[in-house]
Amino acid sequence: MKDFEINKKSIKFLEKYLNTPSPTGAESEGQKVWIDYIKPYVDEVRTDNYGTAYGIVNPKADYKVVIEAHADEISWFVNYITEDGLIYVVRNGGSDHMIAPSKRVNIHTSKGIVEGVFGWPAIHTRNYTVAEEAPKVETLWVDCGATSKKEVEKLGIHVGCIITYPDEFFILNDNYFVCRALDNRVGGFMIAEVARLLKENKDELGYGLYVTNSVQEEVGLRGAEMITQTIKPDVAIVTDVTHDTSTPMIEKKKHGEIKCGEGAVISYAPAIQNNLRDLIIHTSEKNKIPFQRQASSRFTGTDTDAFAYSNGGVPSALISLPLRYMHTTVEMVNKKDVENVIKLIYQTLKNIKPNHIFKYI
């Protein structure tokens, strides 16, 4: 494990998975890509009514351990179409209104993808002699080249159609993976790689492992809320992204000090089960896997919270991946950090025993 590196086949999967749109509430196409990849490494694959997918190793075991990520990406909904064919939007998840102007978009319709752009007035026409008003959701519009509402509707566009960005995966300076939706399809990639390692290394687990790719995290951890009631796990290890705070305009006194390239991030929060977190830290130190620490205040803001407070309380922990430029189309993660999160989850699973008790008292 010391020399583990992501291989070319894995990179090819990551690229295909990231490039497949998977907006909140409509994650199916991305989930199909994920299932196809993970299927050889698990004993069984299941899905629920809203699209959460999970692969199971040892499905008959009584003691159940979940490793989890979320599959959905932020997007927009068509909200209003003007008589002259312009489209106004509302958020689907935490879409950033500040980055939208001049971005290309894909509008998803029953007839297929319709291309468009977020329009914005030229600098020549704006009153830039005074403080300019920043973009707001209600002032954003999409132009699909139509000149009337009727023409827009003829293209298959209607209120409720989902809008995503078409930006695709690339590798920057041989060190960074860059794409929209790394939050958090890179998590789905990492847990799939853990399943691959377990299979290829012929590791025998004495418990049931549920490799879970949940939907609808971006609108309130909803997929995790549903699936934890279905699986009823005894332990949950969640992975998601967290902010690299080393770039400009981020206050470390408020957001802590986290940096890409410095390793996995282990969280402290009320929802984090201390004994499970200590096991993860011990695993990291024993295997010389670099890690950073992060303190959350009242909640982690990730699916960890949904698992922790379900089913009478499930021992849960969060292993995060540092990420730059969250909720933009150029999210960035360090390749070594990705590898270290995979190694840490993998080694932690090997340290969890069947019927492991994590109670404090």
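That block above? That's the structure.
It should be emphasised that the depicted structure is a prediction, and the values quoted were computed from it without experimental measurement.

Draft legend 1. Main features of the pattern of salt bridges. As enumerated under the stated definition, the model contains 15 salt bridges in all. Here the salt bridges do not stand alone but share partners, grouping Glu73, Arg180 and Arg185 into one network.

Draft legend 2. Molecular detail of the side chain of Thr302. Mapped onto the elements of the fold, Thr302 is located in the loop between strand S15 (291-295) and helix H8 (303-308). Reaching out from Thr302, the side chain makes a polar contact with the side chain of Thr300 at a distance of 2.8 Å. Here Thr302 is in contact with Glu217, Leu221, Val238, Asp240 and Leu318, once residues within four sequence places are set aside.

Draft legend 3. Region of interest: the pairing of strand S11 (residues 176-179). Residues Tyr176 and Val178 of S11 are buried on one face, and the alternating residues Phe177 and Cys179, pointing to the opposite face, are buried as well. Of the strand pairs in this sheet, strand S10 (residues 170-172) and S11 are connected by 3 bridges, and their pairing is antiparallel. The residue bridging Leu172 from the neighbouring strand is Tyr176, located in S11. The turn joining S10 and S11, which pair antiparallel and follow one another in sequence, is formed by 3 residues; a positive phi near 55° is taken by Asn173. Note: S11 against strand S17 (residues 331-334), 4 bridges, orientation antiparallel. Bridge pairing in S17 places Phe177 opposite Val333.

Draft legend 4. Local environment of the sheet that holds S11. The strand order across the open sheet built from 3 strands is S10-S11-S17, with neighbouring strands paired in antiparallel fashion. Of all the strands in the sheet, the pair left with one neighbour each is S10 and S17. Across the sheet, the axes of successive neighbouring strands diverge by a mean angle of 30°, strand direction being ignored. Running at roughly 35° to S17, helix H4 (residues 182-200) makes contact with S11 and S17 of the sheet. Helix H9 (residues 335-351) contacts S11 and S17 of the sheet and is inclined by roughly 65° relative to S17.

Draft legend 5. Here's a closer look at the sheet that holds strand S3 (residues 64-70). One open sheet holds the 8 strands; their spatial order is S1-S2-S12-S3-S13-S16-S14-S15, and the pairing between them is mixed. Edge positions in the sheet fall to strand S1 (44-47) and S15, since each of these pairs with one other strand and no more. If you compare each strand with its neighbour and ignore which way they point, the axes differ by 25° on average. Alignment of strand S2 (residues 53-57) against strand S12 (residues 208-214), held across 5 bridges, turns out to be antiparallel. Its bridge partner lying in S12, Ala53 is registered against Asn213. Sheet contacts for helix H2 (residues 28-38): S1, S2 and S12; angle to S2, the most-contacted strand, approximately 15°. Packed onto the sheet, helix H5 (residues 222-231) meets S2, S3 and S12 and runs at close to 155° relative to S12.

The rules behind each value
- Residues numbered from 1 in each chain as written.
- Predicted model: local features only at pLDDT ≥ 70, side-chain atom pairs only at ≥ 80, totals over all residues.
- Heavy atoms only, no water.
- Salt bridge = Lys/Arg side-chain N within 4 Å of Asp/Glu carboxyl O.
- Helix = DSSP H or I, 4+ residues; strand = E, 2+ residues; numbered from the N terminus.
- Polar contact = N/O pair within 3.5 Å; in protein donor to acceptor, adjacent residues only side chain to side chain.
- Contact = heavy atoms within 4.5 Å.
- Buried < 20%, exposed > 50% of the residue type's maximum accessible area, 1.4 Å probe, protein only.
- Pairing = 2+ DSSP bridges.
- Axes fitted to C-alpha atoms, helices over the stretch in contact; angles between N-to-C directions.

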